[in-house]
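Analysis of the macromolecular model
Here is what each chain is made of, one letter per residue.
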Amino acid sequence: MKFKSLFFLFLLFTAAILITNQSPKRQTATAQANDQLIYMPVINSGYDTDLIISSLEITQAVQKADNSVPLVGSKPTIVRVYAQTIAGTPPSGVKVSLTAARNNTLLGTITSTAKIVPKNPQRSDYSSTFNLQLPDSWLSGTVEITATVDVENIVLEYKGNNNYNATLVFNSVPPLDVKIVPINYTHNPTGAFFPGQQQDRISDYLKRTYPVPSVNVSFRGAYNFQGDLRNGNDWVQLLYDVTDLKQTDNAPNSQVYYGLVPIENGATQWFFGGIAGIGWVGWRASVALNLSQSSSGPLAAHEIGHNFGRNHAPCGNPAGVDASYPYAGASIGEYGVDVLNGQLLLPSQYVDMMSYCSPEWVSDYTYQALYNDQLVSGKVLSQARVDGLMIRVRMDEDGRPVLQPVYALTHTPFVGDVSDEYAVELLDVTGEVVGRYPLFTVLAEEEGVSARMWGVSVPMPDVALGGVRVVAGKTAVSERVFTPAAFYTTATPVLKDTADSLVLSWPFSAPTLVRYTIDDGQTWITYALAAEGELVIEKENLPAENGRFQLIPADTTHATLTLDYNN
Ligand SMILES: [Zn+2]
């Protein structure tokens, strides 16, 4: 009986050769089958079967059907192979392979586990496609890949084309650089102290959702902040402070300064709901709570998304909605894949990280925009620092612009959209205008809180200044009067070194910025943005290295006092 059926199949194979002798693939399969008739039971489909690969989806977080979302070099990548049985019974035990080459040099071949080749693989069904994660060595430059279904040739097919070719272009994108600023928070309503936490609960989620090859998180020394973060105005003040720290630390503009606010200290907690974070739209500084691991990642992705120029996606009724957001209800619009967790994210379930709804992922729209921003703003520019006036204008509680103390120092320049409302003018000691500069502006908006700032970095003027003013057209709206440098340069700061702390004091009361360098002024740690006469620095917040303090009084130029310190 067995012999008879095998013989019958043999006749069929012969017939198949006669009918279609064009296909090398079929001939190979038939020859193999003829040579190894005894293994017939592993051939789980007949001559009427045809397998093809209808498409590939190359995804790093989210992708469109036409693969038009760009690929990022060195970012973990999954290829979804849409292998399909278009004739006959879907065979099982089939493997798919990917072979890659770059500049005609073979990179290698990877092979999937064996499974059934479905009749109708769907984007919405992750298990219906063969999903292969690419080796790291493939993830750069232009890579030609060939996908092959039934790489072990176990299925008899009457047509031979089991391959699909694609060209993958991996783009070089700068890594995402985040400096966490732990906030030592004193909660004014109770006086309770919440020490800043050196915890990174954000980089894992950012790695999975952002179009970057990697996420570099580092920690700055802690910054002391006192207030009531149940109120929007205090959040705005903290955002202003973290913005100042970034500028006066001389941090690269490409780096996100991320103020991280603790919510607990042992059993004591101050946060029971409310504002969780705020970040500038288009300038890389944010502040946010240090929540649980599962909440901190999406929160950081949202605030840093603002820093990358994103407005809100329309779900959960946020202010400042992006009118161009393409999908109703802030759906992610396309299929997401969490590559590191091997999970498909459906557009019918997931909403964009820039909305107020959940569960959140990244839409193709936001991903593309983050990508575009990082290509430009993620680059570390040399010569980016300015030696000059750091002009800062902030909105008071009535929405009016107020010129802040003006410091003359090396700093990271502020950039944004050019304001069509306000400019800044420099006045000499006789009150004559000796310079006029446009102001840049950025906005931050979350539920229950909004902030605006204007700023510009002005090269150090070569004349003594009598003042600086903000003008709307020709009308002065805010002004600061300058003091001659001689008033400060005769002053001598005093440093008292105790076991736990340093006490710096100086004999004038103008707001004074105090910072410390251990690399001869390349970078700084700013300890106070507007101290008056005295500053206590805990030694645990001081680097171990010897260095130099600068004391920079506001509203003057060429009046910086320096103080060497041997730790
Ligand atoms: Zn937001």
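Anyway, here's the lowdown on the structure attached to this text. The numbers attached to residues start from 1 for each chain and follow its sequence in the written order. Local features in a predicted model are, by the rule used here, given only for residues with pLDDT of at least 70; side-chain atom pairs are given and counted only at 80 or more, and totals for whole chains, interfaces and linings are based on all residues. The side-chain values count all of the structure's non-hydrogen atoms but skip hydrogen atoms and water molecules.

In this analysis, strands are considered paired if DSSP registers two or more bridges between them. Here a helix means four or more residues in a row that DSSP labels H or I, a strand means two or more in a row labelled E, and each is numbered from the N terminus. Here two bridges tie strand β3 (residues 71-72) to strand β9 (residues 163-171), and the two strands are oriented parallel to one another. Within the sheet, the bridge partner assigned to valine 72 lies in β9 and is asparagine 171. Two elements, strand β8 (residues 141-149) and β9, share eight bridges in a ladder whose sense is antiparallel. Looking at β9, one finds that alanine 147 is bridged to tyrosine 164.

Time to look at the state of the cysteines. Think of a disulfide as a covalent bridge from one cysteine sulfur atom to another cysteine sulfur atom. Put simply, a disulfide is two cysteine sulfurs that come within 2.5 Å. Overall, the coordinates contain one disulfide when judged by the stated rule. For cysteine 315, the disulfide goes to cysteine 357, at an S-S distance of 2.0 Å. The sign of the -90° torsion about the S-S bond sets the cysteine 315-cysteine 357 disulfide as left-handed. Of this pair, cysteine 315 sits in the loop between α5 (293-307) and β19 (335-338) while cysteine 357 sits in the loop between β21 (351-352) and β22 (360-361), and the two are 42 residues apart along the sequence. The buried category is assigned to cysteine 315, whose relative accessible area is 18%. When a residue's accessible area, from a 1.4 Å probe over protein chains only, is under 20% of the maximum for its type it is buried; when over 50% it is exposed; and in between it is partly exposed.

Because no water is among the atoms considered, metal sites can look incomplete, with donors defined as N, O and S atoms within 2.8 Å of the metal, or 3.2 Å for Na, K and Ca. On the protein side, the zinc ion has His302 (NE2), His306 (NE2), His312 (NE2), Glu446 (OE) and Glu446 (OE) as donor atoms, found 2.0 to 2.2 Å from it. Expressed as a motif, the donor residue spacing for the zinc ion is H-x3-H-x5-H-x133-E. Of this pair, histidine 302 sits in helix α5 while glutamate 446 sits in strand β27 (residues 433-446), and the two are 144 residues apart along the sequence. Here histidine 302 matches glutamate 446 in class, with each residue buried.

Another point: the sheet that holds strand β31 (residues 494-497). Read across the sheet, three strands follow the order β31-β32-β35 without closing on themselves; strand pairing throughout is antiparallel. Bordering the open sheet on either side are β31 and β35 (534-538), each of which pairs with just one other strand. Strand-to-strand twist across the sheet, computed as the mean angle between neighbouring axes with direction ignored, equals 15°. When strand β32 (residues 501-505) meets β35, the two strands line up antiparallel, connected through five bridges. Along β35, the bridge assignment pairs leucine 504 with leucine 535. Every axis corresponds to a line fitted to the C-alpha atoms, with the helix fit spanning only the stretch in contact, and the corresponding angles, defined between N-to-C directions, vary from 0 to 180 degrees.

Working definition: a ring pair exists when centres of Phe, Tyr or Trp rings (six-membered ring for Trp) sit within 6.5 Å. Plane angles under 30 degrees give stacked, over 60 give edge-to-face, the rest tilted. Across all of its chains, the model carries 15 aromatic pairs by this definition. Arranged with centres 5.4 Å apart and planes meeting at 80°, the rings of tyrosine 325 and tyrosine 365 form a pair that is edge-to-face. Linking tyrosine 325 in the loop between α5 and β19 with tyrosine 365 in helix α6 (residues 364-377), this pair joins segments that are 40 residues apart in sequence. Taking the centre distance of 5.3 Å and the plane angle of 85° together, the rings of tyrosine 422 and tryptophan 454 count as edge-to-face. Placement of tyrosine 422 in strand β26 (residues 417-428) and of tryptophan 454 in strand β28 (residues 449-459) is noted, with a sequence separation of 32 residues between them.

Next up on the list: the side chain of arginine 208. In this structure, arginine 208 sits in helix α3 (residues 203-209). Polar contact criterion, stated in full: a pair of N or O atoms within 3.5 Å, where within protein one must be able to donate a hydrogen and the other to accept it, and residues adjacent in sequence count only if both atoms are side-chain atoms. Within the structure, arginine 208 has its side chain in polar contact with the side chain of aspartate 338 (distance 2.5 Å). Contact partners of arginine 208, with chain neighbours within four places excluded, come to Gln60, Ala61, Lys75, Asp338, Leu340, Asn341 and Trp361. Contacts were defined at the residue level, with two residues in contact if any of their heavy atoms lie within 4.5 Å.

Another point: the environment of alanine 559. Inspection of the secondary structure puts alanine 559 in the loop between β36 (547-553) and β37 (561-565). When the C-alpha positions of alanine 559 and alanine 485 are compared, they lie 4.9 Å apart, and in sequence the two are 74 residues distant. Excluding residues within four positions of it along the chain, alanine 559 makes contact with Ala485, Tyr488, Thr489, Leu551 and Pro553.

To estimate the expected span of a helix, subtract one from its residue number and multiply by 1.5 Å. Across its 15 residues, α5 extends 21 Å between first and last C-alpha, which sits within 8% of the 21 Å expected from 1.5 Å per residue. Where burial is concerned, most of α5 is hidden: 12 out of the 15 residues are buried. Among all positions of α5, only Ser296, Gly297, Pro298, Leu299, Ala300, Ala301, His302, Glu303, Ile304, Gly305, His306 and Asn307 are buried. Following α5 by one or two positions, glycine 309 has its phi on the positive side, about 95°.

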